[in-house]
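Report on the structure
Spelled out from the first residue to the last, the chains are:
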Amino acid sequence: CDELLFSYKGILYPTTLCSPETFKALESFEARRDDVILAGYPKSGTNWLSQILTDLIAISQKKTPGSESSANAEEQEEFPYLEVGDAEKYERMSKLSSPRFMVTHLRPENLPISIFQNNAKILLLIRNPKDVATSFFHFSNRLATLPSYETWDDFFTNFMTKKMPWGCYFEYLSEWNKYAEKENIMTITYEEVKENPALSVKNIATFFGIPLTEEQLQLVLERSSFQSMKKNSDKTHGSFGNILFRKGGVSDWKNIFSEDQNEKMDKAFEEQIAGTKLGKKLKYDLYCK
Ligand code: A3P
């Protein structure tokens, strides 16, 4: 397990995906005003929202999502996870045409300062902590490059004691909460996209200034449904797709949390997050009780 993760500025990251050299290079990354950034803790639904944003960007460029021309453009892009890859990726990204799309699991204080200085727009995706933990547990145990856990109880202890790749989720929420009022940041929850995908996609498109016809909206919704993403995952995510598109729903935590674990998480949430803007947005009482 120790070889699979390394620590950088007090936070753990997977050795196969991140490196201190890349983090160092990231500090001088030059963000642009028209970059499209998706921020979310692992297992919040980042691949789902990436699909939606990629299609919206294609539409903004007068391309049809999923068509030949837009597929080619996607292939030429850099792997969108900002902190994942070699240290030269930012040099290559500086040559990409706008709008560039990127995803990050990083906390705001570990993002390059230019993102905030240049007012790049950020869609911040959050999900209820019990489903995040449940999803993370299954994912870790299926992915060879992440530590696996003998039991759910082991995982839960690690989750609650901050020993997760990309750090503690509650700290992640607290840190992002400091930015939640900013005009160039839009917060959305996994649960609200699930509840009303059409309204969510419309709001996201409006935030990024992308006009959308009813027909385009329907296409985005069709392509981003759990069923179609799972069905196409061979093409889009290779063998990783099987691991990623697991249940795609709300409240799977009810199948795994013990009474005691529920109490522990409820208490931690109440103490650390409940009173914050992001905490209220999560509708904890509705989705976690
Ligand atoms: P579950 O493990 O609960 O099924 P991430 O992309 O950040 O790694 O998040 C993965 C989670 O998002 C998984 O949750 C996955 O099933 C879910 N997901 C992926 N695509 C989705 C979609 N189109 N609709 C709903 N949930 C989706």
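In this text the structure is predicted, and so the values were computed from the model without any measurement.

About the criteria used
- Residues numbered from 1 in each chain as written.
- Predicted model: local features only at pLDDT ≥ 70, side-chain atom pairs only at ≥ 80, totals over all residues.
- Heavy atoms only, no water.
- Pairing = 2+ DSSP bridges.
- Helix = DSSP H or I, 4+ residues; strand = E, 2+ residues; numbered from the N terminus.
- Near = heavy atom within 4 Å.
- Nonpolar A, V, L, I, M, F, W, Y, C, P; charged D, E, K, R; others polar.
- Core = buried A, V, L, I, M, F, W, Y, C linked by side-chain atoms within 4.5 Å.
- Buried < 20%, exposed > 50% of the residue type's maximum accessible area, 1.4 Å probe, protein only.
- Contact = heavy atoms within 4.5 Å.
- pLDDT = per-residue confidence, 0-100.
- Arc of directions from axis to C-beta.
- Expected span 1.5 Å × (residues − 1).

1. Description of the pairing of strand β1 (residues 5-8)
Of the pairings in the sheet, the one linking β1 to strand β2 (residues 11-14) comprises four bridges and is antiparallel in character. Among the inter-strand pairings, Phe6 is bridged to a residue of β2, identified as Tyr13. Between β1 and β2, which pair antiparallel and follow one another directly, the connecting turn spans two residues, one of which, Lys9, has a positive phi of 45°.

2. Quick look at the site of the ligand
As a matter of local geometry, the ligand sits amid 18 residues, with Thr46, Ser135, Tyr190, Lys247 and Gly248 nearest to it. Where the shell around the ligand is concerned, the elements lending two or more residues are α2 (46-60) and α12 (226-231). Examining the composition of the shell around the ligand, we find that three residues originate from one element, α2, more than from any other. Its residues assigned to classes, the shell around the ligand shows six nonpolar, eight polar and four charged.

3. Quick notes on unusual backbone geometry
Cis geometry marks the peptide bond from Ser98 to Pro99, where omega comes out at -10°. Within the secondary structure layout, Pro99 lies in the loop between α4 (89-93) and β4 (101-104). We note that Lys43 has phi near 75°; this positive angle belongs to a residue other than glycine. In this fold, Lys43 is placed in the loop between β3 (36-40) and α2. Positive phi values are uncommon outside glycine, yet Lys62 reaches one of about 65°. Relative to the helices and strands, Lys62 is located in the loop between α2 and α3 (68-76).

4. Some details on the environment of Thr151
Assignment of secondary structure puts Thr151 in the loop between α6 (129-142) and α7 (152-160). Remark: the alpha-carbon pair of Thr151 and Met265, spanning 114 residues in sequence, is separated by 18 Å.

5. Focus: the nonpolar core
Residues Phe159 and Trp176 are the most contacted members of the largest nonpolar core, which totals 92 residues. Examining the composition of this core, we find that seven residues originate from one element, α2, more than from any other. Residues within four places of Trp176 in sequence aside, it is in contact with Ala39, Leu106, Arg107, Pro108, Leu111, Phe116, Ile122, Leu124, Ile185 and Leu278.

6. Let's talk about the pairing of strand β5 (residues 121-126)
Among the six residues that make up β5, five are buried, leaving the element largely enclosed by the rest of the structure. With five bridges connecting them, β3 and β5 associate as parallel partners. Each residue of the ladder has a partner; that of Ala39, found in β5, is Leu124. Strand direction decides the pairing type here: β5 and strand β6 (residues 185-189), joined by five bridges, are parallel. Across the sheet, residue Ile122 finds its bridge partner in β6, namely Ile185.

7. Notes on the confidence of the model for the chain
When pLDDT is averaged along the chain, the result is 95; 96% of the residues meet or exceed 70. Prediction confidence for the complex, expressed as pTM and ipTM, is 0.97 and 1.00 respectively.

8. Side note on helix α11 (residues 214-224)
Inspection of α11 places Leu217, Val220, Leu221 and Ser224 among the buried residues, and these make up the whole buried set. Here the buried residues of α11 occupy an arc of 95° about the axis, which is enough to place them on one side. Elements in contact with the buried residues of α11: α2, α10 (197-207) and α12.

9. Examining α6
Taking 1.5 Å per residue as the helical rise, α6 with its 14 residues ought to reach 20 Å, and the 20 Å between its terminal C-alpha atoms agrees with that figure. Most of α6 is tucked away, with eleven of its 14 residues classed as buried. Tucked inside the fold, the buried residues of α6 contact α7, α8 (169-177), α14 (240-244), α15 (259-272) and α17 (284-287).

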